Amino acid sequence: MEKILNALPTSKTIHPDVNVLKDVHKRSLENPELFWQKFADELFWYEKNGLAFQPMEEPPYAKWFASMKTNISYNALDRHVESWRKNKVAYYWEGENGEKRTLTYYDLYREVNKFASVLRSLGVRKGDRVTIYMPMIPELLISMLATVRIGAIHSVIFAGFAAQAIADRVNDSQSKVIITADESYRRGKTIEIKGVVDEALKHTTTVEKVLVVRRGHNIVNMVEDRDVWYHELVESADAYVEPEKLDGMHPSFILYTSGTTGKPKGATHGTAGYMVWAYFTQKVVFDVNDKDIFWCAADVGWITGHTYIVYGPLISGVTSLIYEGAPDYPTPDRWWDMIERYGVTIFYTSPTSIRMHMKHGESWAKKHQLSTLRILGSVGEPINPEAWSWYYKYIGQEKTPIVDTWWQTETGGIMISPQPGLALVPLKPGSATFPLPGVDADVYTEDKMIAKPDEKGYLVIRKPWPGEFITIWGDHERFKKTYFTKFPGFYYPGDFAMKDSDGYLWLLGRADEVLKVAGHRIGTIELENVLISHPAVAESAVIGKADPIKMQVPVAFVILRPGYTPSPQLRVELINQIRQAIGPIAAPQALYFVNKLPKTRSGKIMRRVIGAVAEERNIGDITTLEDETSVEEAKKAYEEFKLEILSVEENLR
Ligand code: WTA
């Protein structure tokens with residue numbers, strides 16, 4: 001541990017690498033035009049006129065590479081196919097059942113061209129939306145690259161989402177085509193995902209074609225004139241499809257994420273800014289080179305997979321590993337075994353996964369030779385020092401740095417993190433250290449003042465950066481209101497943070513009503529909406545309860561309508577309603593019936609009071625930042641609410 005942790009900078013003695021970072025960071029903010037122009041030269045452009053960066057009248061939006069033309073698929077594939085990397089491995093893919101596939105850059109290029117030709121034959125044109133609902137098989141990535149190749153816009157939906165969630169997203173994006181597979185595998189079980197799509201399509205009107213990729217062997221219901229098999233259409237596909245020459249700000253994809261209203265937000269990314277950011281962050285944070293075997297063990301259905309399984313690694317010409325299934329299947333050492341077998345050099349996962357492996361015990365990791373690893377990464381939630389130390393000791397063998405990377409769906413790529421590709425500063429377990437070049441991050445108080453060292457406040461990004469999303473699909477007003485009004489002129493991510501006296505940033509979790517369950521964003525109000533759509537429910541409140549592995553789990557409190565009585569059956573029915581509407585990841589761990597919910601005098605539900613009760617904490621532990629009501633009022637509500645739950649729970653026995 002000493003090697004990485006030693007020489008922690010203090011305000012008096014700054015480590016030399018901190019100065020290197022600060023210098024590059026300063027240059028990037030002083031002259032963004034020059035900084036990003038120079039970096040963009042490493043990539044391919046059809047036209048490279050005009051400015052890299054045009055601030056807009058309402059900062060911190062900007063137009064990035066707006067009058068330049070490029071194509072992400074060209075930069076991810078054709079650029080390498082024209083170089084010595086043509087036959088370099090792009091992906092090693094392993095199925096949960098041990099099946100294997102290897103795709104070189106040239107293999108992938110050929111597959112993507114054919115897929116693009118099939119999409120064109122289905123009538124997909126530039127600007128059309130294509131929904132992708134697929135398991136973690138190479139065709140998932142191939143279909144994304146094919147979509148951006150022809151200038152269409154992909155909307156990937158995590159394969160764990162349920163029919164209603166798919167229908168909502170398809171309706172919002174008005175997708176013309178859905179790409180799916182017949183089935184997927186998880187923990188040895190077969191899931192008929194085509195059936196989920198069929199169910200979803202009962203509630204949509206825009207979808208003209210369903211393109212189905214064969215993964216399994218079972219008989220699948222195919223709807224005439226609507227559903228087509230990929231393997232049949234590909235027989236007459238063209239071998240080459242010219243990439244569309246796209247403007248820098250052309251939307252490349254929509255990725256839905258939870259916010260503080262019931263409607264998921266379609267975070268929309270542009271083309272050139274996102275592309276440059278994916279490439280830049282892949283290099284600066286993961287320090288990739290041609291000898292690396294890079295493994296981001298996320299799901300492509302989330303932003304981490306979009307940027308660090310698909311776009312960042314491919315644009316950088318790296319060899320990556322993709323794994324289809326569960327991390328501890330069939331035995332808890334599945335991941336460690338794969339690191340050994342493929343000689344993985346850089347490994348990126350979430351604190352929830354690390355804690356799950358901690359629970360299984362280090363003996364599983366000790367069975368394997370992990371010495372090829374040189375960088376470990378963490379993403380999605382704050383990493384607690386115990387998990388950090390376990391990861392460092394047993395996976396990194398006390399010699400690999402851990403890059404704790406803070407970012408969001410909206411930011412496109414990593415924003416705050418150690419940067420071994422530039423200079424490796426001494427690490428502090430639990431701190432994401434410093435912002436990347438181009439990221440002007442600081443911590444502000446509720447009164448819009450810069451917070452003092454060690455004072456908890458809100459993270460704020462003061463200037464635009466290339467990876468910044470360009471809008472919320474179909475709702476630009478919501479985009480402005482959600483992100484740019486709390487701190488006028490600045491981007492507000494919705495996170496608590498703190499900066500210590502050495503200038504290190506500590507990200508402390510969400511400041512809004514969005515939960516982080518096993519690293520996934522879940523809006524409490526989305527769950528409440530599902531609950532109140534049940535005839536028995538009058539009112540509900542969902543909060544996040546601290547969990548030793550998943551960080552948070554949803555817990556629901558429900559007031560029933562007159563005429564309904566609490567029962568274990570009703571509890572199961574309500575939890576199942578959430579599973580069926582959103583998916584199993586959103587299922588509450590507990591559901592309590594109550595007679596009333598704690599509210600302020602103005603009628604706002606006091607979530608922190610409910611949270612304190614659910615976690616069996618005292619109301620006094622609550623942070624003052626969230627405290628909008630008087631302490632007395634909160635205390636009274638706390639006591640009353642506690643009693644309400646107990647009385648109903650007793651009725652149940
Ligand atoms: C949280 C995931 C602390 C944060 C890439 C953010 C983190 C939200 C970290 C975005 C980290 C992500 N330390 N918190 N290293 N990384 N978060 O959109 O609350 O799924 O706002 O993107 O995850 O979640 P999202």
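Look up a bit, the structure's there.
Residues numbered from 1 in each chain as written. Predicted model: local features only at pLDDT ≥ 70, side-chain atom pairs only at ≥ 80, totals over all residues. Heavy atoms only, no water.

Chemist: Kindly report on the sheet that holds strand 24 (residues 495–499), identifying the contributing residues and their values.
Modeler: The four strands are arranged 21-22-24-25 in an open sheet whose pairing can be described as antiparallel. Taken across any chain shown, the strands that pair with only one partner, and hence form the sheet edges, are strand 21 (441–444) and strand 25 (505–510). Shown here is a sheet whose adjacent strand axes are inclined to one another by a mean of 45°, direction ignored. Note that strand 22 (residues 457–461) and strand 24 share two bridges and pair antiparallel. For Tyr-458, the partnering residue across the bridge sits in strand 24 and is Phe-496. (Pairing = 2+ DSSP bridges. Helix = DSSP H or I, 4+ residues; strand = E, 2+ residues; numbered from the N terminus. Axes fitted to C-alpha atoms, helices over the stretch in contact; angles between N-to-C directions.)

Chemist: Before we move on, can you summarise the sheet that holds strand 4 (residues 89–94) with the specific residues and values?
Modeler: Reading across from one edge, 5-4-17-16-18-19-20 is the order of the seven strands in this open sheet, with mixed pairing throughout. Looking at which strands have only one partner, the edges of the open sheet turn out to be strand 5 (100–104) and strand 20 (402–405). Sheet twist, expressed as the mean angle between neighbouring strand axes with direction ignored, is 20°. Sheet topology note: the strand 16 (residues 293–296)/strand 18 (residues 346–349) ladder contains three bridges and is parallel. Within strand 18, the residue paired with Trp-295 across the bridge is Phe-347.

Chemist: Tell me about the site of the ligand, and please be specific about residues and values.
Modeler: Asp-404, Thr-409, Asp-495, Arg-510 and Arg-521 are the nearest of the 17 residues found near the ligand. Glu-381 places a polar main-chain atom, nitrogen or oxygen, 3.3 Å from a nitrogen atom of the ligand. One nitrogen or oxygen atom from the side chain of Arg-521 is found 2.7 Å from an oxygen atom belonging to the ligand. Here the ligand loses 96% of its free accessible area of 530 Å² to cover by the protein chains. Those elements that place two or more of their residues in the shell around the ligand are helix 11 (303–315), strand 20 and strand 25. (Near = heavy atom within 4 Å. Polar contact = N/O pair within 3.5 Å; in protein donor to acceptor, adjacent residues only side chain to side chain. Areas by Shrake-Rupley, 256 points an atom, 1.4 Å probe, with all protein chains shown as cover.)

Chemist: With reference to specific residues and values, describe the pattern of salt bridges.
Modeler: As enumerated under the stated definition, the model contains 48 salt bridges in all. Between Lys-428 and Asp-500 there is a salt bridge, with its nearest N and O atoms 2.9 Å apart. Here Lys-428 is found in the loop between strand 20 and strand 21, whereas its partner Asp-500 is found in the loop between strand 24 and strand 25, with 72 residues between them in sequence. Summarising the burial analysis for this pair, Lys-428 and Asp-500 share the class buried. Arg-607 serves as the salt-bridge partner of Glu-528, at 2.9 Å between the closest nitrogen and oxygen. You can see Glu-528 sitting in helix 17 (residues 524–532) and its partner Arg-607 sitting in helix 19 (residues 607–614), a full 79 residues away along the chain. (Salt bridge = Lys/Arg side-chain N within 4 Å of Asp/Glu carboxyl O. Buried < 20%, exposed > 50% of the residue type's maximum accessible area, 1.4 Å probe, protein only.)

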